[in-house]
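An overview of the molecular structure
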Amino acid sequence: MAVHNMSCEAENGNEVLFVCTEAACGRRVVVGKGRPRLTVINQGDFSVQHFGSLGGAGISAVEVA
C-alpha cells in the first residue's frame, strides 16, 4: 500500500489542519486537539495510507464504524 505524509498547515488552540504533501492527492483534514475528533475536508486518494503528527504523537490506523 502506498503511503503519503501529512504536514501541519495551520493550527489554533483547538484544532490542527493537516494537508497531504503529495500535490496530486489533495487530502485535507482537521484534527481536534482538546476534544478528539477528525473532520475530513478533502478525501484525496482514499486508497493511500496517510501519516502525520506535530511531533510527540501520531495517528496511524483509523477505523471508521
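Our subject is the structure that appears above.
Here's what I pulled together on the structure shown here. The model shown is predicted, which means the values in this text are computed figures rather than measured ones.

All right, on to the pairing of strand β3 (residues 28–32) then. The two faces of the sheet receive side chains in turn, since in a regular strand these alternate between them. In terms of burial, β3 is a largely internal element, four of the five residues being buried. Pairing analysis gives five bridges linking strand β2 (residues 15–20) to β3, with the strands arranged antiparallel. By the bridge assignment, Val-19 is partnered in β3 with Arg-28. Bridging between β3 and strand β4 (residues 38–42) involves four bridges; their strand directions are antiparallel. Across the sheet, Val-30 pairs through a bridge with Thr-39, a residue of β4.

With that settled, consider the state of the cysteines. All chains considered together, the criterion is met by zero disulfides. Looking at Cys-25, it has no disulfide partner, and the nearest cysteine sulfur is the one in Cys-20, 3.8 Å off.

Cut-off values and rules
- Counting restarts for each chain, with residues numbered from 1 along the sequence as it is written.
- pLDDT decides what is reported in this predicted model: residues at 70 or higher carry local features, side-chain atom pairs at 80 or more are listed and counted, and totals for whole chains, interfaces and linings draw on all residues regardless.
- Only hydrogens and water are set aside; all other atoms, that is, all heavy atoms of the structure, feed into the side-chain values.
- Working definition: with a 1.4 Å probe on protein chains only, accessible area under 20% of the residue-type maximum means buried, over 50% means exposed, and in between means partly exposed.
- In this text, helices come from DSSP runs of H or I with a minimum length of four residues, and strands from runs of E with a minimum of two, each type numbered from the N-terminal end.
- The criterion for strand pairing is that DSSP finds at least two bridges linking the strands in question.
- Two cysteine sulfur atoms make up a disulfide if the distance between them is within 2.5 Å.

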